[in-house]
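Coordinate inspection notes
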Amino acid sequence: DGKRIAVFSEAGMITSNRLALTQKGDIKKIVDIDFDKVQGDVDKIKFSTYQGKKYLATGFIEADFINSDKIVFIGHEYDSGGNPYKIFTYDDLRNELKYIKTIEKVGDEYFQSFIYLPKLNSVLINSQNFGNANIGNRKGRFILVDLVTGTQKEVAADIIQEIAGDRETNIEDVLPDGKTVVLSVKKTLVKPKEIELVAKKIFSLDLEKNQYTILSEDKETIYAGFAE
């Protein structure tokens with residue numbers, strides 16, 4: 001968020017997972033969240049213990065800042081049928097952890113990118129589904145989750161149709177209006193004796209109006225990265 005950094009990791013075979021924040025004003029100092037001391041919806045949240053230390057039984061996937069003290073993050077639940085995805089918020093000032101929503105997977109779906117939209121006080125999640133052998137049917141979905149009510153809805157179905165068959169879609173950034181995101185699409189093109197990952201399209205998507213605009217389309221340039 002320009003002021004602090006969130007640090008998170010999955011659990012390994014001999015370690016627990018990790019969720020931490022840099023201290024205000026000291027980007028070199030990282031402090032792990034002590035789940036033994038957090039307040040909030042602890043009765044709704046699944047915890048585990050490793051070497052006497054309590055940790056969240058969730059593999060962290062992505063996080064974003066709501067403000068300099070508060071983050072929202074998503075992860076998949078360990079040791080649960082289907083490994084559903086869960087959304088939480090953590091307020092570092094109040095040392096408060098809040099459960100928001102569980103989202104069940106559809107088929108071989110995995111959640112790929114995640115961003116906070118300040119005007120809507122919601123998060124947008126983008127998934128991919130590689131369960132179908134036919135690349136043209138490997139469609140994911142865009143899910144908008146309200147952080148106050150915990151309600152979810154699928155949005156931008158027309159974009160899903162537009163990018164059907166493409167290999168990867170990323171939510172790159174949210175624009176200053178707080179409701180419009182930028183999406184980039186990567187597609188695998190096979191050419192003689194080589195495979196290239198290219199940027200096929202870049203979209204802007206207004207989540208309030210549920211309207212999108214194609215900003216650019218380039219079928220030949222190798223995709224290297226994107227920044228606002």
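The structure under discussion appears in the preceding block.
Residues numbered from 1 in each chain as written. Predicted model: local features only at pLDDT ≥ 70, side-chain atom pairs only at ≥ 80, totals over all residues. Heavy atoms only, no water.

1. Concerning the overall build of the protein chain
Operational definition: Numbering of helices and strands runs from the N terminus; a helix is a DSSP stretch of H or I covering at least four residues, while a strand is a stretch of E covering at least two. Exposure classes here rest on a 1.4 Å probe applied to the protein chains alone. A residue is buried below 20% of its type maximum, exposed above 50%, and partly exposed in between. The contact rule is simple, with two residues in contact once any of their heavy atoms fall within 4.5 Å. Here the accessible surface of atoms and residues is derived via Shrake-Rupley with a 1.4 Å probe, and residues count as covered only by protein chains that are part of the display.
The helix and strand tally for the protein chain stands at 1 helix and 18 strands. A burial count over the protein chain gives 44% of its 228 residues as buried. Contacts in the protein chain between residues far apart in sequence, at least 24 positions, make up 42% of those at least 6 positions apart. For the protein chain, the exposed area adds up to about 12,000 Å²; of that, 48% sits on carbon and sulfur atoms.

2. Re the sheet that holds strand β3 (residues 26–32)
We apply this condition: A pair of strands is considered paired only if DSSP assigns at least 2 bridges between the two. Between N-to-C directions, angles cover 0 to 180 degrees, with each direction set by a line fitted to C-alpha atoms, over the stretch in contact for helices.
What the 3 strands build is an open sheet, ordered β1-β2-β3; its pairing is antiparallel. Single-partner strands in this sheet number two, and they are β1 (6–9) and β3. Averaged over neighbouring strand pairs, the angle between their axes works out to 25° when direction is ignored. Bridge count for strand β2 (residues 18–23) against β3 is 4 bridges, and the pairing is antiparallel.

3. Some words on the sheet that holds strand β7 (residues 58–67)
What the 5 strands build is an open sheet, ordered β4-β10-β9-β8-β7; its pairing is mixed. The sheet is open, and its two edges are formed by β4 (39–40) and β7, each paired on a single side. In the sheet, strand β9 (residues 85–91) pairs with strand β10 (residues 96–103) via 7 bridges, with the strands oriented antiparallel. Within the sheet, the bridge partner assigned to T89 lies in β10 and is K98.

4. Topic: the pairing of β9
Most of β9 sits inside the fold, with 7 of its 7 residues counted as buried. With 7 bridges connecting them, strand β8 (residues 70–77) and β9 associate as antiparallel partners. Bridge pairing in β9 links I74 to I87. Between β9 and β10, which pair antiparallel one after the other, the connecting turn spans 4 residues, and N95 there sits at a positive phi close to 55°.

5. So, the environment of A156
Looking at the secondary structure, you find A156 in the loop between β14 (152–155) and α1 (157–162). A sequence separation of 13 residues divides A156 from I143, and the C-alpha atoms of the two residues are 8.8 Å apart. Dropping the residues within four chain positions of it, A156 is found in contact with F142, L205 and N210.

6. Let's talk about the pattern of salt bridges
The condition that has to hold: For this document, the term salt bridge refers to a Lys or Arg side-chain nitrogen within 4 Å of an Asp or Glu carboxyl oxygen.
One pass over the structure, following the stated rule, counts 9 salt bridges. When the shortest N-O distance is used, the salt bridge between R4 and D69 registers 3.7 Å. Here R4 is found in the segment before β1, whereas its partner D69 is found in the loop between β7 and β8, with 65 residues between them in sequence. We note that R4, like D69, is buried. A salt bridge links K179 to D206; its shortest N-O distance comes to 3.1 Å. Remark: D206 occurs in strand β17 (residues 194–206) and K179 occurs in the loop between β15 (168–174) and β16 (180–191); sequence separation between them is 27 residues.

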